[in-house]
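# Coordinate inspection notes
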Amino acid sequence: LLGSHTDKVVYLMMIINQFYNASALALPYSMSVFLYALIANPRPNPKYWNIAMIYAEVVIFVKFIVQMTIWNQVSDDPFATNTLSEFYVGLTRVDDASQFLGYILWDVMVIFTILVHKYILKTIGLSSKTEEDI
């Protein structure tokens, strides 16, 4: 039963990511779910999953880049050091590796669920086809 509804699991994970992170970086997940993925009949184009996974990878990469210590010397702008603006954008600095893993956990879970969903689509032969192609 879960194997046939893995897309719903991915949508749920994207929405949970939005609830947990609540930032501008997490907003495209829920916007893509509600403005495209749920409306696409019977399921989104395979390119949607590739774009969603690439976006999640870019978000993790940007979050990693922000953790580098070079930003302490470069950033003297008061807007860049304002904690409120960091939360709006979604790029906050964390102290150690365990906090960083918690910081990117939901993005990694989105990537994992997308990969599982793409694997299920590939095993049933629908990885590069839509319903109109069949």
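One can find the structure itself at the top, above this paragraph.
Residues numbered from 1 in each chain as written. Predicted model: local features only at pLDDT ≥ 70, side-chain atom pairs only at ≥ 80, totals over all residues. Heavy atoms only, no water.

## Section: the nonpolar core
- Counting 26 residues, the largest nonpolar core has Met 14, Tyr 29, Val 33, Tyr 48, Trp 49, Val 110 and Ile 114 as its most contacted members.
- Of all the secondary-structure elements, those providing two or more residues to this core are α1 (6–21), α2 (27–37), α3 (46–66) and α7 (97–123).
- If we ignore the near neighbours within four places in the chain, the residues touching Met 14 are Tyr 29, Ser 32, Val 33, Tyr 48, Ala 52, Val 110 and Ile 114. (Core = buried A, V, L, I, M, F, W, Y, C linked by side-chain atoms within 4.5 Å. Buried < 20%, exposed > 50% of the residue type's maximum accessible area, 1.4 Å probe, protein only. Helix = DSSP H or I, 4+ residues; strand = E, 2+ residues; numbered from the N terminus. Contact = heavy atoms within 4.5 Å.)

## So, the pattern of salt bridges
- All told, the structure shown has two salt bridges when counted by the stated rule.
- Asp 7 is paired through a salt bridge with Lys 8; the nearest N and O atoms lie 3.3 Å apart.
- Taking relative accessible area as the criterion, Asp 7 reaches 9% and is therefore assigned buried.
- When its relative accessible area of 44% is taken as the criterion, Lys 8 is described as partly exposed.
- Lys 63 is the partner of Asp 107 in a salt bridge, and the nearest nitrogen-oxygen pair spans 2.7 Å. Of this pair, Asp 107 sits in helix α7 while Lys 63 is found in helix α3, placing the two residues 44 residues apart along the sequence. (Salt bridge = Lys/Arg side-chain N within 4 Å of Asp/Glu carboxyl O.)

## Observations concerning the environment of Ile 124
- Here Ile 124 lies in the segment after α7.
- Judged by relative accessible area, Ile 124 falls into the exposed class, the value being 56%.
- Taking C-alpha positions, Ile 124 is 9.8 Å from Ser 4, a pair spaced 120 residues apart along the chain.

## Side note on the environment of Tyr 48
- With respect to the helices and strands, the residue Tyr 48 is situated in helix α3.
- Along the primary structure Tyr 48 and Tyr 36 are separated by twelve residues, whereas in three dimensions their C-alpha atoms are 9.0 Å apart.
- If near-sequence neighbours (up to four positions away) are discounted, Tyr 48 is found in contact with Met 14, Ser 32, Val 33, Tyr 36 and Ala 37.

## A word on the packing of aromatic side chains
- Taken as a whole, this structure holds seven aromatic pairs when the rule is applied.
- Consider the rings of Tyr 36 and Tyr 48, whose centres lie 5.5 Å apart with planes at 45°: the pair is tilted. Of this pair, Tyr 36 sits in helix α2 while Tyr 48 sits in helix α3, and the two are twelve residues apart along the sequence.
- Here Tyr 48 and Trp 49 contribute two aromatic rings whose centre-to-centre distance is 5.0 Å and whose plane-to-plane angle is 70°, an arrangement assigned as edge-to-face. (Phe/Tyr/Trp six-rings, centres within 6.5 Å; stacked < 30°, edge-to-face > 60°.)

By themselves these figures say nothing about function.
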